[in-house]
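# Notes for the structure review
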Amino acid sequence: MNFLYYIPNHRYSLDNDLLTPEQRLFYEENGFLLIKNLVSEEDINRFRKEFERICRQEVKVPGLVVMRDVAIAKSEFVADQKAVSKIQDYQEDPELFRYCSLPQILKYVSCFTGPNIMAMHTMLINKPPDAGTKTSRHPMHQDLHYFPFRPCDRIVCSWTAMERVNRQNGCLVVLPGTHKGSLLEHDYPEWEGGVNKMYHGVRDYDQEHPRVHLEMETGDTVFFHPLLIHGSGMNQTDGFRKAISCHYASSDCYYIDVQGTTQENISKEVIDIAQRRFGTEVSFQDSWAFRGRLVQGERISM
């Protein structure tokens, strides 16, 4: 019997009329998919202005976490403060959270999560120029290390460049195909210049594994699996490198107990931080449930 083509069984993507067979196969094999020019320059500029307002403390966002680089004393907008390297949990900021609900983002997200979509983790990354200590690097890691929910194949990250991103200013580096493996042990890397808070890295992975540097233009968006090993290099320019991202999960996902697993260390760290911030003990699972927001369809078990 002759076949003109072979359609493989798809594990990591769902049947839909958006992705081409080539795009689905690429994601299945590599664990990421880059879509060019997906977010408009107008939207990017609005997100940038809102980030600047937050840095200048012109707006207070409940639950927002502002992270500063351990080695960069000069801020981009406020000269007497350490540089803001990242903001997390912007779900209560209507302007930034608009990114998570953009129709052109959600139509791709649904290819991996299905129609019922939760926005679970929000970030705007502002990689600062490296001070010579290499702290602007982000160690190679798997995002699933931070998440107490499963199944992992129904989780996906969208990561959008807010300006040109290249090897000079520290673009994303991915190890294609590593999403087919398991969740590895993570901890803080032993870097001479120190490491930023919560920047855990994979303890042991194949250093010889082929790498892809994702150079992107403004508005380009990469979608990737939470087991894909990835990181970013130093920012060797004089400017800050910005990107906005959201991790999505199907609302059919469910929470798991990470006690006794490789995720126990990050669980304890998150619980300790929550206790210091709110003065009360919050479980690892609840810390995520509080942040989750429905962006499409129905909220089921999340």
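Rules and cut-offs
- Residues numbered from 1 in each chain as written.
- Predicted model: local features only at pLDDT ≥ 70, side-chain atom pairs only at ≥ 80, totals over all residues.
- Heavy atoms only, no water.
- Core = buried A, V, L, I, M, F, W, Y, C linked by side-chain atoms within 4.5 Å.
- Buried < 20%, exposed > 50% of the residue type's maximum accessible area, 1.4 Å probe, protein only.
- Helix = DSSP H or I, 4+ residues; strand = E, 2+ residues; numbered from the N terminus.
- Pairing = 2+ DSSP bridges.
- Axes fitted to C-alpha atoms, helices over the stretch in contact; angles between N-to-C directions.
- Salt bridge = Lys/Arg side-chain N within 4 Å of Asp/Glu carboxyl O.

### Considerations on the nonpolar core
With 40 residues, the main nonpolar core has Tyr-99, Ile-105, Phe-223 and Tyr-248 as its most contacted residues. Listed by contribution, the elements that provide at least two residues to this core are strand E1 (32-35), helix H2 (41-55), strand E3 (84-88), helix H3 (94-97), helix H4 (103-113), strand E4 (117-127) and strand E14 (241-250). Membership of the second largest hydrophobic core comes to 19 residues, among which are Ile-155, Ala-249, Val-258 and Trp-288.

### Brief notes about the pairing of E3
Here E3 lies mainly inside the structure; five of its five residues are buried. Here E3 pairs with E4 via three bridges, running antiparallel. The residue of E4 that forms the bridge with Ile-87 is Leu-124.

### What to know about the sheet that holds strand E13 (residues 230-232)
Reading across the sheet, the four strands line up as E5-E13-E8-E11 and stay open at both edges, with antiparallel pairing between neighbours. Single-partner strands in this sheet number two, and they are strand E5 (138-141) and strand E11 (212-214). Strand after strand, the sheet turns through a mean of 25° between neighbouring axes, direction not considered. The pairing of E5 with E13 spans two bridges and is classified as antiparallel. Looking at E13, one finds that His-141 is bridged to His-230.

### What about the pattern of salt bridges?
For the structure on display, the rule yields 15 salt bridges. The partner of Glu-95 in a salt bridge is Arg-46, and the shortest N-O contact between them spans 2.8 Å. In this pair, Glu-95 sits in helix H3 while Arg-46 sits in helix H2, placing the two residues 49 residues apart along the sequence. Given the relative accessible area of 18%, Glu-95 is considered buried. Overall, the relative accessible area of 36% leaves Arg-46 in the partly exposed class. Each of Asp-43, Arg-46, Glu-95 and Arg-98 takes part in salt bridges that share partners, so that together they form one network.

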